[in-house]
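Report on the structure
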Amino acid sequence: KVLSSDSVIKKSKVPAGVVASGSLASTAIKSILDRPPINNVLNVDASNINVDLDITIDSGEFFNDLETKAALDELMFITNSVLLIDESDNILIQSRDENEETEVINLFGKNDLFRRENIMRISRYNTGLHRMFNNIIFNNRNAENSAIQGSYGAKTKKFSKDFITDDTTEQLIADRLL
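For the structure given in this document, a descriptive report is provided here. (Residues numbered from 1 in each chain as written. Predicted model: local features only at pLDDT ≥ 70, side-chain atom pairs only at ≥ 80, totals over all residues. Heavy atoms only, no water.)

1. So, the overall build of the protein
Put simply, the rule is: By definition, any uninterrupted DSSP run of H or I lasting at least four residues is a helix, any uninterrupted run of E lasting at least two residues is a strand, and each is numbered from the N terminus. C-alpha atoms define the radius of gyration, and 2.2 Å times the number of residues to the power 0.38 defines the globule rule. A 1.4 Å probe rolled over the protein chains alone gives each residue an accessible area, and that area as a share of the maximum for its type sets the label: buried under 20%, exposed over 50%, partly exposed in between.
Along the protein, the regular secondary structure elements total six helices and five strands. Counting from the amino terminus, the protein carries its helices and strands in the arrangement α-α-α-α-β-β-β-β-α-β-α. Scaling as 2.2 N^0.38, a compact globule of 178 residues should have a C-alpha radius of gyration of about 16 Å, whereas the protein reaches 20 Å, well beyond that. Dimensions of the protein, computed from the C-alpha atoms along their principal axes, are close to 60 × 45 × 30 Å. Residue burial in the protein is summarised as follows: out of 178 residues, 30% are buried.

2. Topic: the nonpolar core
Soluble globular proteins tend to bury their nonpolar side chains together. Here is the rule: The nonpolar core is taken to be a set of buried Ala, Val, Leu, Ile, Met, Phe, Trp, Tyr and Cys residues, with the residues joined through side-chain atoms within 4.5 Å. Pairs of residues are marked as contacts when any of their non-hydrogen atoms sit within 4.5 Å.
The biggest cluster of nonpolar side chains holds 33 residues, and the ones touching the most others in it are Ile 29, Leu 33, Ile 57, Phe 63, Leu 75 and Ile 78. Within the residue set of this core, elements represented by two or more residues are helix H1 (7-11), helix H2 (25-33), helix H4 (68-79), strand S2 (91-95), strand S3 (135-138) and helix H6 (167-177). Ranked by residue count, the leading element in this core is H4, at six residues. With residues up to four places along the chain from it excluded, the contact list for Ile 78 reads Leu 53, Ile 55, Ile 57, Phe 138, Lys 161, Phe 163, Ile 164 and Ile 173.

3. Overview of the sheet that holds strand S5 (residues 156-159)
Quick reminder of the rule: Pairing between two strands requires that DSSP report at least two bridges joining them. With axes taken as lines fitted to C-alpha atoms, and helix axes fitted only over the stretch in contact, angles between N-to-C directions fall between 0 and 180 degrees.
Spatially, S4-S3-S5 is the arrangement adopted by the three strands of the open sheet, whose pairing is mixed. Each edge of the sheet is formed by a strand with only one pairing partner; in this case those strands are strand S4 (141-144) and S5. Taking each pair of neighbouring strands and ignoring which way they run, the sheet shows an average axis angle of 15°. Of the strands in this sheet, S3, S4 and S5 touch H6, which is tilted by about 25° from S4.

4. Quick notes on the packing of aromatic side chains
Keep this limit in mind: Pairing of aromatic rings covers Phe, Tyr and the six-membered ring of Trp, with a centre-to-centre limit of 6.5 Å; geometry is then stacked below 30 degrees between planes, edge-to-face above 60, and tilted otherwise.
Under the definition given, this model contains four aromatic pairs. Plain terms: the ring middles of Phe 62 and Phe 163 are 4.8 Å apart, the flat faces sit at 35° to each other, and that makes the pair tilted. With Phe 62 in the loop between helix H3 (38-41) and H4 and Phe 163 in the loop between S5 and H6, the pair connects residues that are 101 residues apart, well separated along the chain. Residue Phe 62 is classed as partly exposed on the basis of its relative accessible area of 30%.

5. A short note on H6
To be explicit about the condition: This arc corresponds to the set of directions leading from the helix axis out to the C-beta atoms. Polar contacts, as counted here, are pairs of nitrogen or oxygen atoms within 3.5 Å of one another; within protein the pair requires one atom able to donate a hydrogen and one able to accept it, and residues that are adjacent in sequence qualify only if both atoms are side-chain atoms.
Three or more residues of H6 are buried, namely Thr 169, Glu 170, Ile 173 and Ala 174. When H6 is viewed along its axis, its buried side chains cluster within an angular range of 135° and face the same direction. Capping the start of H6, Asp 166 holds a side-chain oxygen 3.3 Å from the backbone nitrogen of Thr 168, two or three residues further along.

6. A closer look at the side chain of Lys 161
Following the sequence through the fold, Lys 161 ends up in the loop between S5 and H6. Not counting residues up to four positions away in its chain, the partners in contact with Lys 161 are Glu 74, Phe 77, Ile 78, Phe 138 and Asn 139.

Structural data, given as structure tokens:
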């Protein structure tokens, strides 16, 4: 049976004490990834860990004996970041923000003036409004965008993470998620 190189993340657990209370999220991510068996398969370099929000973990015990993928999912969420593995098996952590250096793909339909049609078929099209939230509640801290509530209605999404307890950090996460 052949496994992909990222399967080591899915098959391992975070040992107790790897994530210390009071450590930064970037340090916690590096501590989780930079240990055998993960660094035997994937390349981990601190310079490639560039989280959007490098916040302090209030309760590191939350991560004890958690599956590595679940722990990384939690950390990627609160730091507003994504984990990528490039073709050289390097782990890259970066912000979820739009990459403005990537070239934009222009799509043209059948009524384009210059007949540059590159859309073959669109099925099950939706506007994505069902995924849009204008009120975020994170650990009872609220962030809202009231400017768009008149146009699209109020939609609230609630999140709770036990390993973040600081009020300022909770508000920072809620504001960034919005």
